[in-house]
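Residue-level structure breakdown
Letter by letter, the chains look like this.
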Amino acid sequence: MESDGEVSPPSPPQAQGPCGAGHRASHSLPTSAGGRVCVSCAAALLSSASAPSHHVSHVLASLSLALADPAFLAPLRAAHPHLLAAPLADALAGAASRRDAALAAQASDLAADLASAVGPPAASGLVARLARLLSSGSLVKHLHTLHCMGVLLNSIEGAASCIGDKISLFLNLVNDLRLPSDEIRGEILFVLYKLSLLNSTPWDNICDNDNVDLSAIGRSLLQLSLEVLLKTQINAVRLNCIALLLTLAKKGAFDILLLGDQNLMNSIEAEGSRQTDDVSLNASIIVLFADAVKGSLLSTNLEVQTGTLDLIFHFLSSDANIFVLLQTLIDENVADYVFEVLRLSGSNDKLVISSIQVLSLLATSEERFKEKLAIGFSTLLPVFHYVAEIPFHPVQPQVLRLVWICIVNCSGILSLSQEEQIACTLTSVLRRNGNGELGMCSETFVLVCLILIEILRSPSAHNIQALPSFIEEASKHAISSTLPHGYDCAFLVPHSLRLLKEALIFCLEGNKENISVKKDLEDSVINICGTNLLQWLESAVADGDDDEALGEILQIFHIVLSRTSHNKQLKFAEMLASSSWFSLSFGFMGLFPTEDVKSVVYLVTSSVVDKILGCKYGETIRDAYVYLPSDPAELMHLLGQCSLEDFNLAACQCAILVILYACSFYNERLVGDNQILALVEQYILLNGGKFPYEITGHVMLTLLVHLYAFVRGISFSCSISHSPEVEKTLFRMLNFCRTFSEDKTVMLSNSSQLVDIQMIAELVLVGETSISYLLVSLLNQVVNEGTEDDVFSVVNVIHEILVIAPCSSDQFTSCGVVDAVGSIYSSPYSSRIKSLCSFLIFNILCSASVMALAQEDEWLALTMKLLEYFNSSLDCISSHQKHKILIGTFCLILHHSANKVLMEPAKAIILNSSLVSLTDGVIQEARAKGPSLLQHNQETDFGGFMIFILQLVYFSLRSLHAILDPNIDWQEFLQDSDNPQSFCVVGISCHDLCRLMYFGPCPIKLIASQCLLELITSISEQRSYLNAELRCSAKYMKSIIAVVEGLVFSQDSRVAENCGSSLSMILRWENFGSQENTLVRKSKWSRLIMEEFTVALTAPGLTSKSFSNHQKIAASIAVSLLKLSPVPDWLTSLFDNSLISGVVANLSARNITAEIVNLFSELMATKYLTQEHIVALHNLFQVCRRQVYEGSSKACLSEKKAEERVARSVDDERALLFDMVLNQHAASCTVQMEQQKLLHEIDLFFQESSQRQQQ
């Protein structure tokens, strides 16, 4: 090897001769400095065992510098790639034999550099020689050789294939794990780990192993590795050991050692029993494993802790005898160490996930683990609160299960504060799920319900003051998130119902003080029963849902009817009976023909009868239900039999009579009226009115007479004249009105005829105008001369008639009821009467025809009195019931004014300064609440009142078009809410509406979005015909666009549709400034909407659930974006040729909409469509048009008349107005209109495509 010499200017190349040692000139390689290096000289010196160490070191240093020199490396790589590999291996071996650590490290580094620089030729030689070197003899001197081998295996692809005898290498490495040096053992473990990763272990090449005992190798490797893990304090060694064990465990290398039977379990438990050597060894290995992981679990290194937990988890998840492993690890206190890791984790997600996974597996050995769980429960609780707040956290169900196991098995472990905190956390989990923000997995939902149930069953639960409010909210969200979703949540419904049942039982237990605190929770549960559960029962008859949920609901109903207060029992029973309970109950028994369902249905029915009829009539059903059939037809057949000699049949007949009598009170029919009459008559003839029953005979006889009179009255209703003499009827009416509030049925004097409110309503309904005239005249008379009770009675009768027969509104209006009621507001009557009058006016406005409302003078006078009454009691922002009723009435007047009637009364409402101030005040209060507005749903005072105000604003905006449109500057509603100016009309600015949409609960979001759509539509139309400039800042538009873009993905399709339509119109506004255009072009939301849209069109199965029904919205937005100048770059790249081809291929005639056709027209106009696309769409639209023509006649037949509804309460008013708001849009989107719009768009597409071909 020649010296580089001094640095001198480069000289002309000269022919080189052999080096001083006589090696060929080709072995002398140049360097960039002008010198040369003879690789043969270097190889000879490195291979010489007698060469002095400092010479070898100098050569290694020179070669290290040369390898970094491209002038040297290129010829070396081209001509002599193998030349230095063997000498370097020899040098490394020589350094090891001399125990020269520095020289060995230098040789090791150079070997790694050579392999990296030269590549596979050198690397393969190095790996092969080092493998041979490490395959035999002690490795005590070969620390750096092992390190070099590890580096090569880690960095060189396919390095393991160069090893000749893998078995020998592996066995020697395993054997030398006994060496005492942590450094050597660490390097050995790393090499073994890399061999395992590279599939170069005996378990990877079973066919080439000859007679190698894999079990013995595995046992030795496992035991030695675990001993290293147990003894070492070096984290690097721990990491290598854990990595090796985890890798080999995944290959099943240790399963044979851990597989066992009952003998292995006995070897651990039974001291002194006879054991085989193998079983003892296997048991000792499991104990060694438990001891070895403890130190690593307490390491300060995160990777070591996580790796150790993963190792434990994998061993517990293997095919081994899991029971024995669990038992041993629990007995060896491994669980305590895992809890300690969890305690010190600081909510580190990796540690939390790994720790909980291990604890969850340990918990499968419930008996042994429950003591450990009880000790570690205080550590588990902070983790519980942490993961519960993160939706879909990977170990959320496991943590909840651990908490549930502990609560169930360790009674009294929770303090009052802990129970309260857990209930609060779980309520927030259900709140997120119920509000539609984020869902949860099914297992999480089940465990949340189970934990809350266990807390409710705790004896100390009655002492937690805040628990009822948490359970009230939790039960509402649990029911609302499962019950309405049918088959998607079918198996979750029973769990939410059990939570509701336990909540009700919890309310009814404890001392009187505790029960009074739980009143709100009890009322909430009963309200859920009367709304959500009853609606589900009605759908169950049609859909055939599971009988388990049905049984739970009926049990809850029975608890309400049997254990709550008398007033609540009576109210609930009347609610069930008025909801066609008797028909529903037989539907349940027909749908689920089991004895369990039959018994619980008749039990609830008997309780309902007890409450609505009294006299323990329900006892007849409870005593006879075993013999009662489930089919109404069979029930009626029993009634027509002779029962004088059959006590069981007689008991059944008494029960049947009671059921029919109860049905008659609520206008229910189990069979036809004629059939009932025939069977009752037959029963009387055959049995003579004898009742072998504990109830006294005269009670049953009275019931039978009333039932017979009822069915006789029904049968003669078509033939008897219903026009009594005027003078007699007047007194009868007065008598009826005065007693109506106490007794629904009145026996007229000197008459045997039974008169009830239903009969009166039917007389009015068939056109008997004298009755309506008499009632209105009577009302005028008692207002002037009668008492307050008389006034209330007459108004109540008129209202009840309207409730029964809404179409009688026209008759009462023509008879002057409006003026009569208006006089009440001018008199000093109580708010009770005026509130009832407000309901009466509301229901008249709901059902009256346009002709009946034509007398605007009387309605204007009434409206002014209503406004005066409203203003007189409005000291501040109020949510009093009477204000809500009146606001509902104002909404209906405004609603009618949009149809060009009641325009003057509507104008008085819209311009009323008190209503304007009230609206501004409510909006200011809502704005001040910020994000907390989400908590104010329609069940809260403020939330319910807020909904009424929004409904008033909505109808006001629609009314403005009809009465003040030319005088309204719609852009005033674009004012900034930070600098508000009071409106002169009832209204809300766009900015405030966006705030309500963003922060408000679902009902507020929906109505606010409807109001925003009305405003955006009005602004667009006015700007269009006035050619007016847009007067708002870019910042203002940015905030509006941000809100509506985000809510396009709302789970409520109606909110999404409103926001999508608003966004589409905003994007089409003329004179859209450059700043706004930039905003749209850079909008990530718009891009996401379009990407979801394209996925929906090309691969419908991949779209998110919230987007599946929003294709029309997205199509309109896409058209608006395509009309921008310039079109956003991302939109151009999105609608490329391949995507459009995929969309066209995926379309069919049945899923074509007008919006989709319009989108393709715009794509064609902007030259995104090729001729092939146009031809394919032309053919598709032809088919679509033909199908529309063929199906148009069927669509006409499907249009249904809207059902007439009335309001008995404020909630009814709010719901009715809510439906009217929604139906305004639905009325403009009938099937025929959609079809006409589709045909129009198809014709436009054909015209534009024809023009394009001509060009």
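Calculation rules
- Residues numbered from 1 in each chain as written.
- Predicted model: local features only at pLDDT ≥ 70, side-chain atom pairs only at ≥ 80, totals over all residues.
- Heavy atoms only, no water.
- Salt bridge = Lys/Arg side-chain N within 4 Å of Asp/Glu carboxyl O.
- Helix = DSSP H or I, 4+ residues; strand = E, 2+ residues; numbered from the N terminus.
- Buried < 20%, exposed > 50% of the residue type's maximum accessible area, 1.4 Å probe, protein only.
- Axes fitted to C-alpha atoms, helices over the stretch in contact; angles between N-to-C directions.
- Parallel < 35°, antiparallel > 145°, perpendicular 65-115°, else oblique.
- Left-handed = near helix turned anticlockwise from the far one by under 90°.
- Contact = heavy atoms within 4.5 Å.
- Nonpolar A, V, L, I, M, F, W, Y, C, P; charged D, E, K, R; others polar.
- Disulfide = S-S within 2.5 Å.
- 1 Å grid on protein atoms, 1.4 Å probe; cavity = no way out; pocket = protein on both sides within 12 Å on 5 of 7 lines; lining within 4 Å.
- Points joined across faces, edges and corners; volume = space filled by probe spheres on them.

1. Regarding the pattern of salt bridges
- Tallied over the full model, the rule gives 26 salt bridges.
- Across the pair R457 and E502 runs a salt bridge, and its minimum N-O distance is 3.1 Å. Note that R457 is positioned in helix α22 (residues 442-457) and E502 in helix α24 (residues 493-508), a separation of 45 residues in sequence.
- One salt bridge in this structure joins K501 and E552, with 3.1 Å as the shortest N-O distance. One end of the pair, K501, is in helix α24; the other, E552, is in helix α27 (residues 547-563), and 51 residues separate them in sequence. Here the two residues K501 and E552 agree in accessibility, since each one is buried.
- One salt-bridge network, held together by shared partners, links R498, K501, E548 and E552.

2. Topic: the packing of helix α10 (residues 214-231) against helix α11 (residues 235-250)
- Taken N-terminus to C-terminus, the directions of α10 and α11 make an angle of 150°; their axes are 9 Å apart at the nearest point. Classified by the angle their axes make, α10 and α11 are roughly antiparallel. In terms of crossing hand, the pair formed by α10 and α11 is left-handed. Across the interface between the two elements, L221, L222, S225, L226, V228 and L229 from α10 touch V237, R238, C241, I242, L244, L245 and L248 from α11.
- Class assignment for the residues of the contact of α10 with α11 results in 11 nonpolar, 1 polar and 1 charged.

3. Some words on the state of the cysteines
- On inspection of all chains with the given rule, the structure shows 0 disulfides.
- A disulfide-free cysteine, C38 has its sulfur positioned 3.5 Å from the sulfur of C41, the nearest such atom.

4. Notes on empty space enclosed by the protein
- Tallied over the entire structure, the rule returns 7 cavities of 30 Å³ or more.
- Considering only enclosed or pocket space, the largest cavity measures out at about 60 Å³ in volume.
- Lining the largest cavity are 10 residues, with L660, S664, E668, R669 and I676 sitting closest to its centre.
- At the level of elements, α33 (647-665) and α35 (697-715) are the ones that each hand at least two residues to the lining of the largest cavity.

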